[in-house]
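Structural description and commentary
Each chain is listed here by its residues.
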Amino acid sequence: EIYGDYYFQIYDYRKAIDFYKKAIENKKKFGQNSAYVDSKIAKSYKALSDSDNEKHYLAKAENRRQIDQEENNLIIHKELDKILEKEEIKRNDLKFKNNFIITIIITFFVIVLIIVVIRYKKIRRKKRRIIGEQKNLLLEKESEISERNFKIGKLEQKVSDSFSELTDMVKQNS
């Protein structure tokens, strides 16, 4: 293509066209587009005043540009789709990780809550047992006290009876 540009600049348009055509063949081998080279061939034919070939290569260049543009658009769309797909995968992974972390946190708090409730119930049972034992002990003490009071009452009665007898005996002896 460079040789074609060189010959175009020195006004040897026939040689320029030959080198441009070789450049097109090379570009086809390497899978590159050649629309720009076709437009250079059209310029060379214009300089030679060959309007038929000029129009032919201009149309060819335009067709190739359109095809290249469509291919470029297709490639761009595919790449955009890949990027969007990757972003969607990242978003889904992030959602999964967030949901997993939230699930772990909720599970942890539920376990802690269950442990707290179980400990609370154990403490409450222990308190009830202790209160029950204390009530039983209090009842035993109260019954002991009432038994003692009853004994004390009997003893007081006996002392009182004995004292009365003693006073009676003292009165009788006097």
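So, a few notes on the structure that sits alongside this text. (Residues numbered from 1 in each chain as written. Predicted model: local features only at pLDDT ≥ 70, side-chain atom pairs only at ≥ 80, totals over all residues. Heavy atoms only, no water.)

Running from N to C, helix α3 (residues 35-47) and helix α4 (residues 51-173) point in directions that differ by 165 degrees, and their axes come no closer than 8 Å. Put simply, α3 runs roughly antiparallel to α4. In this structure, the crossing between α3 and α4 has a hand that is left-handed. Taken together, the residues of α4 that come into contact with α3 (itself represented by A35, D38, S39, I41, A42, Y45 and K46) are N53, E54, Y57, L58, K60, A61, R64, R65 and D68. Across the contact of α3 with α4, the residue classes break down as 7 nonpolar, 2 polar and 7 charged. (Axes fitted to C-alpha atoms, helices over the stretch in contact; angles between N-to-C directions. Helix = DSSP H or I, 4+ residues; strand = E, 2+ residues; numbered from the N terminus. Parallel < 35°, antiparallel > 145°, perpendicular 65-115°, else oblique. Left-handed = near helix turned anticlockwise from the far one by under 90°. Contact = heavy atoms within 4.5 Å. Nonpolar A, V, L, I, M, F, W, Y, C, P; charged D, E, K, R; others polar.)

What follows deals with the side chain of S39. Here S39 shows up in helix α3. S39 has contacts with A61 and R65, leaving out every residue within four places of it along the chain.

Further remarks concern the nonpolar core. In this structure, Y7, A16, I17, Y20, A23, I24, V37, I41, A42, Y45 and Y57 together form the largest nonpolar core, which totals 11 residues. Elements represented by at least two residues in this core include exactly α2 (13-29) and α3. For this core, the element with the most residues is α2, which contributes 5 residues. If we ignore the near neighbours within four places in the chain, the residues touching I17 are I41, S44, Y45 and L48. (Core = buried A, V, L, I, M, F, W, Y, C linked by side-chain atoms within 4.5 Å. Buried < 20%, exposed > 50% of the residue type's maximum accessible area, 1.4 Å probe, protein only.)

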